[in-house]
Amino acid sequence: MRKIAKFVRTSILPGAVAEVGLLCCACVHSNPEAAVTSLVDPILSSVISSLKGTPATGFGGRGIPDATVSIKVC
């Protein structure tokens, strides 16, 4: 799981988005607890970090101030 997570976070594969998505889905399906800590949390944190500073659009246009990722595994 760690090797897959490292690969997904460090590799830029514009032509393989669907395949990488399927790989992530397979990881989450096979071991949800490990996938959350290794894949989902870092990916969501990266997306939120990338979106900070972009103009807010959509419903109301207010955005989400100081958005954080909080993952709870049941």
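Conventions adopted
- Residues numbered from 1 in each chain as written.
- Predicted model: local features only at pLDDT ≥ 70, side-chain atom pairs only at ≥ 80, totals over all residues.
- Heavy atoms only, no water.
- Helix = DSSP H or I, 4+ residues; strand = E, 2+ residues; numbered from the N terminus.
- Buried < 20%, exposed > 50% of the residue type's maximum accessible area, 1.4 Å probe, protein only.
- Contact = heavy atoms within 4.5 Å.
- Areas by Shrake-Rupley, 256 points an atom, 1.4 Å probe, with all protein chains shown as cover.
- Polar contact = N/O pair within 3.5 Å; in protein donor to acceptor, adjacent residues only side chain to side chain.
- Disulfide = S-S within 2.5 Å.
- pLDDT = per-residue confidence, 0-100.
- Axes fitted to C-alpha atoms, helices over the stretch in contact; angles between N-to-C directions.
- Parallel < 35°, antiparallel > 145°, perpendicular 65-115°, else oblique.
- Left-handed = near helix turned anticlockwise from the far one by under 90°.
- Nonpolar A, V, L, I, M, F, W, Y, C, P; charged D, E, K, R; others polar.
- Patch = residues over 30% accessible without salt bridge, like charges linked within 9 Å, V, L, I, M, F, W, Y side chains within 5 Å.
- Salt bridge = Lys/Arg side-chain N within 4 Å of Asp/Glu carboxyl O.

**Student:** Is there a simple way to think about the overall build of the protein chain in this case?
**Tutor:** A tally of helices and strands in the protein chain yields 3 helices and 0 strands. When the elements of the protein chain are put in sequence order from the N terminus, they spell out α-α-α. Expressed as a percentage of its 74 residues, the buried residues of the protein chain come to 12%. Summarising the internal contacts of the protein chain: among those between residues at least 6 apart in sequence, 53% fall at separations of at least 24. Summed over its atoms, the accessible surface of the protein chain is roughly 6000 Å², and 62% of this surface lies on carbon and sulfur atoms.

**Student:** Could you clarify how one ought to interpret the environment of Thr37 in this entry?
**Tutor:** Within the secondary structure layout, Thr37 lies in helix α3 (residues 32–51). Judged by its relative accessible area of 56%, Thr37 falls in the exposed class. Here the side chain of Thr37 touches Ala34 through a polar contact of 3.1 Å, landing on its backbone oxygen.

**Student:** Honestly, the state of the cysteines in this entry has me stumped. Any pointers?
**Tutor:** Each disulfide consists of one covalent bond between the sulfur atoms belonging to two cysteines. Applying the stated criterion across every chain, the model contains 0 disulfides. Free cysteine: Cys24, not disulfide-bonded; nearest cysteine sulfur from Cys27 at 6.3 Å. Cys25 forms no disulfide, and the closest cysteine sulfur to it belongs to Cys24, at a distance of 7.0 Å.

**Student:** When you look at the confidence of the model for the protein chain in this model, what are you seeing that I'm missing?
**Tutor:** The predicted coordinates ought not to be read in detail in places where the model reports low pLDDT. Mean pLDDT for the protein chain: 77, with 74% of residues reaching 70 or above. The least confident element of the protein chain, judged by mean pLDDT, is helix α1 (residues 2–10) at 78; the most confident is helix α2 (residues 17–30) at 85.

**Student:** How should the packing of α1 against α3 be read in this particular structure?
**Tutor:** A pair of packed helices can be characterised by two numbers: the angle between their axes and the separation between those axes. Their axes nearest at 9 Å, the elements α1 and α3 cross at an angle of 20 degrees. Regarding the angle of α1 to α3, the classification is roughly parallel. In the crossing of α1 with α3, the sense of the turn from one axis to the other is right-handed. Mapping the contact onto sequence places Ala5, Val8 and Arg9 in α1 and Ser38, Leu39, Pro42 and Ile43 in α3. Residues of the contact of α1 with α3, tallied by class, amount to 5 nonpolar, 1 polar and 1 charged.

**Student:** When you look at a nonpolar patch on the surface in this model, what are you seeing that I'm missing?
**Tutor:** Nonpolar side chains collect at one region of the surface, where Ile43, Val47 and Leu51 lie side by side and expose about 240 Å² of accessible area between them. Its place among the elements puts Leu51 in helix α3.

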